[in-house]
Amino acid sequence: MAPKPKEKAKASAAAAAPVISIEDLFTSLSRHIQRSEYEQAVKVSDQILAAAPGDEDAIRCKVVALVKADSIEEALVAIKDSSKKASLDLSFFKGYCLYRQNKLEEALESLKGQEGSTESMLLESQILYRLGKMGASVDIYQKLPKSTIDSLEINLVAGLVSAGRSSEVQGTLDSLRVKATSSFELAYNTACSLIEREKYTDAEQLLLSARRIGQETLMEENLADDDVEIELAPIAVQIAYVQQILGNTQEAIASYTDLVKRNLADESSLAVAVNNLIALKGPKDVSDGLRKLDKLIEKSDGPEKFPLARGLDLKLSQKQREAIYTNRVLLLLHSNKMDQARELVGALPGMFPGSLMPVLLQAAVHVRENKAAKAEEILGQYADKFSGRSKVILLARAQVAAAVGHPQIAADSLAKIPDIQHKPATVATIVSLKERAGDTDGADAVFDSAIKWWSNAMTEDNMLNTIMQEAAAFKLRHERKEEAARLYEQLVKSHGSIEALVGLIQTAAHADIEKAEAYDKQLKPLPGLKAIDVDSLEKTSGAKQAEKGPNAGATETYEVKSKDKAKKKRKRKPRYPKGFDPANLGPPPDPERWLPKRERSSYRPKRKDKRAAQIRGSQGAVAKEAASSSDTKSNQPANPKGASQNAVQSKASSKSSRKKSRK
């Protein structure tokens, strides 16, 4: 069968097309790579591989071009296909692609056997950093050759800060012979180390220097003003955070608000600014805070029900992500949206498996739902699970139990925290809780344990005297006088405390009067006490409290003076009416001046108008209207004020009726 005309044309065109040599294809590939035309580079690499399957350089160029073009999934497919056709080791590129997809454990697995190369060590340290294994990441950075890696100190300082080793930053910079202000990135990381060490004022100054250095550096690179602000946004957010910590609340709010409104920041800095602004405002504007957080947290049906938007899961640290979710739960509790809060809290343990915050949030939800017993149970279970770092959980459990009236549970929770066990505040709290629960013996045992611990403690601020004083008062209050006397006697012998001496005399007087009298002699006599007859004082009904001051002893004189002062009255000038002359009194006032005018003897009513009603008819006849009006007037009360008040009241009621009708 003869071929069709179109097929003949295609065959002739293919035969006429010139065959491009592999050298020319590689030249074209190099040109595309230099111009960052990665999609074209991928096409040329495919042409080379079509002509020379298994060419290692073409495979590498294709994989790198796909990675540069952010086609990570296609790069993994290319790596998988090339492993079948050639014996090329692309495990480093595979590890990097898995790292970009946040498959960190698989990425670490693919890097096994590549530990010797600098690139693999850098990638491994970055993966460990993302996994939160900061110590291992820093150890790899410290093994890297310093001379072959540019800006190694920036990542090294960042790793030290994240690993909780901020105190080593300055020593590391000294060993590398690098100043903190050599670049704005290094200045920023060093300022973060100062923040971790709570040197906020120094951190603020270094952050301001970092912003100034960054502006100068980026201006020299001819970046636009908006691009400069985006690059320096992390520094601006950190400055606002330091202002917030230092108490400059209004300045911090203004900085955060400006960053959010202008939207000139990278995604991670913008998310941190929004979160900090919500935390700073608290429950003042819950709806606005929830609306802002809704833009950061998405809801999906996948394995992660509440992922962060715009890839923030990869850009934010675990601590930052946890803070965002925590603030959202708190805002939901403040707005009483319990269903949403319960759903989000249920997903947090899977998202942050080693964190204590999801446990505390679960307890908060139960407390808000009036399920305090359930909250206590959950906190108790996790306290046993995280025994090494259960301090916060036990404190929360104690607070919940004390608030709902479970003092014994609160006391037991505090008793399980060893590092604060014998501090005076903790001892006082546990004793008070046990007293409220009726466990007097347990409270006494707490005092005895604290006294024993402070007796053996070798500290400058030894609180043994304070603990013994309070323990003796407790024992005396609960009728344990012998033990109280023993403690008071120890205090008197060791420190000569006057308060302890008074307590010892009070306790010894009940059992050993001779001892009480012996210690009574050590009390200094009060001034003026010899002039008082004690026998006559005992016969009186009771002592009166005297005024403090220089004349406190002279009670009788004070009483006489007070009586004299009570008799004296202040003379006031009489007040006369306006225009009244007391020298010229004039005629006496009218005795009927308080009566209404119509009731006075001098009252004369007005004459009636004879023209008001014209009488028609025969002589002596009276008009009916005039007669009826006169009768009604005679029947009305003679109080014009009452009539006027009723009129006002009726107008008000009529107005109200009109208002009702308008509605």
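Every chain begins its residue count from 1, and numbering advances along the sequence as written. The predicted nature of this model means local features are confined to residues of pLDDT at least 70 and side-chain atom pairs, given and counted, to a pLDDT of 80 or more, with totals for whole chains, interfaces and linings taken over all residues. For the side-chain quantities, the full set of heavy atoms in the structure was used; hydrogens and water were omitted.

Attention shifts here to the overall build of the protein. Each helix and strand counted, the protein has 35 helices and zero strands in total. Note on classification: 1.4 Å probe, protein chains only; a residue is buried when its accessible area is under 20% of the maximum for its type, exposed when over 50%, partly exposed between these limits. Looking at the 663 residues of the protein, the share that counts as buried comes to 33%. Should any heavy atoms of two residues lie within 4.5 Å, those residues are considered in contact. Pairs at least 24 residues apart make up 45% of the contacts formed inside the protein by residues separated by at least 6 positions. A 1.4 Å probe and the Shrake-Rupley method give the accessible areas. Residues count as covered only by the protein chains that appear here. Of the accessible surface of the protein, which amounts to about 44,000 Å², a share of 51% is contributed by carbon and sulfur atoms. Starting at the N terminus, helices and strands are each numbered in turn, a helix being any DSSP run of H or I of at least four residues and a strand any DSSP run of E of at least two.

Now for the pattern of salt bridges. Whenever a carboxyl oxygen of Asp or Glu lies within 4 Å of a side-chain nitrogen of Lys or Arg, that contact is scored as a salt bridge. In total, this model carries 22 salt bridges according to the counting rule given. A salt bridge links D288 to K292, with the shortest nitrogen-to-oxygen separation between them at 2.6 Å. Pair noted here: D288 and K292 are both in helix α18 (residues 286-294), with a separation of four residues, about one helical turn. K475 serves as the salt-bridge partner of E483, at 2.8 Å between the closest nitrogen and oxygen. Residue classification places K475 among the buried residues on the basis of a relative accessible area of 1%. Connected through salt bridges with shared partners, the residues D441, D444, D448, K475, R480 and E483 form a single ionic network.

Of all the residues in helix α9 (residues 134-143), the buried ones are M134, S137, V138, I140 and Y141. Axial view of α9: buried residues confined to an arc of 160°, hence all on one face. Where α9 is buried, its residues meet α8 (118-130) and α10 (152-162). As used here, the arc belongs to the directions running from the helix axis to the C-beta atoms.

Right, let's talk about the side chain of Q238 for a bit. Along the chain, Q238 turns up in helix α15 (residues 233-245). Residue Q238 is classed as buried on the basis of its relative accessible area, which comes to 16%. Apart from the residues within four sequence positions on either side, Q238 is in contact with Y188, C192, I195 and L207.

To estimate the expected span of a helix, subtract one from its residue number and multiply by 1.5 Å. In this model α8 runs 19 Å from its N-terminal to its C-terminal C-alpha over 13 residues, within 8% of the 18 Å that 1.5 Å per residue would give. Those residues of α8 not exposed but buried are S120, M121, L123, S125, I127 and L128. Of the surrounding secondary structure, the elements contacted by the buried residues of α8 are α6 (91-100), α7 (104-110) and α9. The first or second residue beyond α8 is G132, which carries a positive phi of 90°.

Let us now look at a nonpolar patch on the surface. Taken together, the side chains of Y576, F580 and L585 make up a nonpolar region of the molecular surface, amounting to roughly 320 Å² of accessible area. Within the secondary structure, Y576 sits in the loop between α33 (555-567) and α34 (624-635). By relative accessible area, which is 47% here, Y576 ends up partly exposed. Each patch is built from residues that are more than 30% exposed by relative accessible area and take part in no salt bridge. Like charges join if they lie within 9 Å; nonpolar side chains (Val, Leu, Ile, Met, Phe, Trp, Tyr) join within 5 Å.

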